[in-house]
Amino acid sequence: MDFEPKWLAWEITRRCNLKCVHCRSSSTLEVEGHPDFSLAEARRVLDDIASYAKPVVVLSGGEPLLRADVFEIAAYGTGLGLRMCLATNGTLVTAETCKRLKEAGIRMVSLSLDGAEAAVHDNFRNQPGAFAGTINAAKLFHAHEIPFLINSSFTKRNQGEIPKVYRLAKELGAKAWYMFMIVPTGRGEEMMGELISPAEYEELLTWHYEMEKEEDELLVRPTCAPHYYRVILQKAKEDGEQFKRRSLQFSTGGAKGCLAGQLIALIDVDGNVLPCSYFPKAAGNLRQQSFKEVWENSPLFKELRDFKGYRGRCGVCEYVNVCGGCRARAYAVSGDYLAEEPFCNYIPRRAAGGNDQQK
């Protein structure tokens, strides 16, 4: 596998106008100890990245639209030849926002939608009116011809909404819908008891496979669900057919499960480079090292890229090269990022005496 950086999320602020129950960075409107960096620092980081690679760069947060200079940051990255995108909760989007995003060269926007009605979404986001704001943003993006995708996060409290949110994403004109399976980090640690069980997880991934086979308009992806790639191979073999998937122009570029530290990374507001948005362990810091140095020489990244070092069922699984298990979830649950994926119930052939079976 070619470990080239394809996709970077960049936390340009930790401030947020919502207080979502699953927030990986526990963001609030006033954040102590993690101040926004300057526009000059933003330009320096973009220069550093662009001198080494040309990945997709997603301006994220917190809520990135709380930064008045977000458009300047985006425009500077665009000028360097980077494919600049934005991740927003949608509540601050206006027609003027859309105009400025287009001028800055933003290529894709992601919106968060965790329920098909206000009661569910607003409960998840801890803010009345959040649903209306997201729906309004989707309509504005559609009207201004700004491509957008929808990210939806699920736990036991809203898993019944999954098919309805999928249908709503299509109705709103999204280019893609990503079904996120919660990784319990940040504020999400408080939701450990709400996580969808491994058995239900498997059922949802099977549902997604059947849905994706029939979907010919919307790009769909389960996210933070690397064992879906094992499910695809198993189900396609059972069906006796090749599974053909659509691709999104600004996806991670990886046709496998966990890509943390392999094709993707997160740069946080303090300059730390993390394997992904849900992996709270730094591989290095861009205030002390170049991006190239971190990407190529980090011991943490090297461990994540060495599948032979994975432990438990992942270590003996025949699907490790296409799945790999969620390294962030393994870390959150067990404290060992090389441990087996805790929410996969598949028993590898080598662990089951040669039988390809599941619990």
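See the structure above.
Procedures and definitions
Counting of residues starts from 1 at the beginning of each chain's written sequence and follows it residue by residue. The predicted nature of this model means local features are confined to residues of pLDDT at least 70 and side-chain atom pairs, given and counted, to a pLDDT of 80 or more, with totals for whole chains, interfaces and linings taken over all residues. To get the side-chain values, take all heavy atoms of the structure and skip hydrogens and water. Among buried residues, those of type Ala, Val, Leu, Ile, Met, Phe, Trp, Tyr and Cys that are joined through side-chain atoms within 4.5 Å constitute a nonpolar core. Accessible area is worked out with a 1.4 Å probe on protein chains only. A residue is then buried under 20% of its type maximum, exposed over 50%, and partly exposed in between. Any pair of residues with heavy atoms lying within 4.5 Å of one another is described as a contacting pair. Paired strands are those between which DSSP finds at least two bridges. Secondary structure elements are taken from DSSP: a helix is a run of H or I of four residues or more, a strand is a run of E of two residues or more, and numbering for both begins at the N terminus. For helices, the fitted line uses only the C-alpha atoms of the stretch in contact; every axis is such a line through C-alpha atoms, and the angle between N-to-C directions lies from 0 to 180 degrees. Counting of polar contacts relies on pairs of N or O atoms within 3.5 Å, with two restrictions inside protein: one atom must be capable of donating a hydrogen and the other of accepting it, and residues adjacent in sequence are counted only when both atoms are side-chain atoms. When the centres of two rings from Phe, Tyr and Trp lie within 6.5 Å, Trp using its six-membered ring, the rings pair. Their planes under 30 degrees apart give stacked, over 60 give edge-to-face, and anything left gives tilted. Throughout this description, the term charge over a ring refers to an Arg CZ or Lys NZ atom that lies within 6 Å of the ring centre and within 35 degrees of the ring normal. Here, the term right-handed applies to a crossover whose path from the first strand over the helix to the second runs clockwise when the strands point away from the viewer. Our angle categories are set so that under 35 degrees counts as roughly parallel, over 145 as roughly antiparallel, 65 to 115 as roughly perpendicular, and the remainder as oblique. Note: crossing handedness is left-handed where the near helix turns anticlockwise from the far helix by less than a right angle, and right-handed where it turns clockwise. Definitions used throughout: a 1 Å grid over protein atoms alone; a cavity as a set of points that fits a 1.4 Å probe which cannot get out; a pocket as an open set with protein on both sides within 12 Å along at least five of seven lines; a lining residue as one with an atom within 4 Å of a point. Grid points are joined across faces, edges and corners, and a volume is the space filled by probe spheres set on the points.

Novice: Please explain the nonpolar core as it appears in this structure.
Specialist: One broad trend across soluble globular proteins is that nonpolar side chains are buried collectively. Trp10, Leu59, Phe141, Phe148, Ile150 and Trp177 are the most contacted members of the largest nonpolar core, which totals 103 residues. Sequence-distant contacts of Phe141, that is, excluding residues within four places in its chain, are made with Thr88, Val93, Cys98, Leu101, Val109, Leu111, Ile146 and Phe148.

Novice: How should I be thinking about the sheet that holds strand β7 (residues 219-223) in this particular structure?
Specialist: Paired through their backbone hydrogen bonds, the strands of a sheet run either parallel or antiparallel. Strand order in this open sheet of 10 strands is β7-β6-β5-β4-β3-β2-β1-β8-β9-β10, and the pairing throughout is mixed. This sheet does not close on itself; its edge strands, each paired only once, are β7 and β10 (284-285). In this structure, strand β4 (residues 108-112) lies alongside strand β5 (residues 148-154), joined through 4 bridges in parallel fashion. Looking across to β5, one finds that Ser112 is bridged to Asn151. Set on the sheet, helix α7 (residues 198-214) makes contact with β6 (176-181) and β7; between it and β6 the angle comes to about 170°.

Novice: Can you help me understand the environment of Lys54 in this one?
Specialist: Assignment of secondary structure puts Lys54 in the loop between α1 (39-50) and β2 (56-60). Here the alpha-carbon distance between Lys54 and Trp7, two residues 47 residues apart in the chain, equals 8.9 Å. Aside from chain neighbours lying at most four places away, what touches Lys54 is Leu80, Gly81, Leu82 and Arg83. A polar contact is formed between the side chain of Lys54 and the backbone oxygen of Ala50, at a distance of 2.7 Å.

Novice: So what exactly am I meant to see when it comes to the packing of aromatic side chains here?
Specialist: Remark: the centre distance and the inter-plane angle together describe each pair of aromatic rings, the angle taken between the planes. Taken as a whole and assessed by the stated rule, the structure comprises 16 aromatic pairs. Ring centres 6.2 Å apart and planes at 85° place the aromatic pair Tyr166 and Trp207 in the edge-to-face group. Residue Tyr166 is located in helix α6 (residues 162-172), and its partner Trp207 is located in helix α7; the two are separated by 41 residues in the primary sequence. The class of Tyr166 is buried, set by a relative accessible area of 11%. Members of the aromatic cluster, joined through ring pairs, are Tyr52, Phe291, Trp295 and Phe301. The ring of Phe37 has Arg67 lying over it, and the distance from NZ or CZ to the ring centre is 4.8 Å. Here the basic side chain of Arg327 rests over the ring of Tyr310, its NZ or CZ set 4.3 Å away from the ring centre.

Novice: Help me out: how do you make sense of the environment of Cys224 in this one?
Specialist: Its place among the elements puts Cys224 in the loop between β7 and α8 (228-239). Other than its neighbours up to four places away in sequence, Cys224 contacts Phe180, Met181, Val183, Tyr201, Tyr278 and Arg329.

Novice: Looking at this structure, how should I read the pairing of strand β3 (residues 83-88)?
Specialist: Within a regular strand, side chains alternate between the sheet's two faces. With 5 of 6 residues buried, β3 is to be regarded as a mostly interior element. Here β2 pairs with β3 via 4 bridges, running parallel. Among the inter-strand pairings, Val58 is bridged to a residue of β3, identified as Cys85. Once you follow β2 into helix α2 (residues 70-79) and on to β3, the crossover reads as right-handed. Bridge analysis of β3 against β4 gives 4 bridges, and the strand direction is parallel.

Novice: I tried to follow the packing of α7 against α8 on my own but got confused; where do I start?
Specialist: Helix packing geometry: the angle between the two helix axes and the distance between the axes. Running from N to C, α7 and α8 point in directions that differ by 60°, and their axes come no closer than 10 Å. The angle between α7 and α8 falls in the class oblique. Along this stretch, α7 crosses α8, giving a crossing that reads as right-handed. Residues Glu202, Leu205, Thr206, His208, Tyr209, Glu212 and Lys213 of α7 touch α8, and the partners they reach there are Tyr228, Arg230, Val231, Ile232, Lys235, Ala236 and Asp239.

Novice: Would you take a moment to explain empty space enclosed by the protein for this structure?
Specialist: Any empty space left between atoms is shown by rolling a water-sized probe over those atoms. Inspection of every chain in the model, using the stated rule, returns 3 cavities of 30 Å³ or more. Surrounding the largest cavity, 14 residues form its lining, Arg313, Cys314, Cys317, Cys323 and Cys344 being those nearest its centre. Within this model, the second largest cavity holds a volume of roughly 60 Å³. In terms of lining, the second largest cavity is formed by Phe154, Met181, Ile182, Leu195, Ile196, Tyr201, Arg329 and Phe343.

Novice: Looking at this structure, how should I read unusual backbone geometry?
Specialist: Glycine aside, the phi torsion of most residues is negative, and most peptide linkages are trans. Gly61 connects to Gly62 through a cis peptide bond whose omega is 25°. Of note in the backbone geometry, Asn126 takes a positive phi value of approximately 55° without being a glycine. Assignment of secondary structure puts Asn126 in the loop between α4 (118-125) and α5 (130-143). The phi angle at Cys224 is positive, at roughly 60°, despite the residue not being glycine.

Novice: I tried to follow the side chain of Glu161 on my own but got confused; where do I start?
Specialist: Tracing the chain through its elements places Glu161 in the loop between β5 and α6. According to the relative accessible area criterion, Glu161 is buried, its value standing at 8%. Not counting the four nearest positions on each side in its chain, Glu161 is found in contact with Gly115, Ala116, Glu117, Val120 and Phe154.

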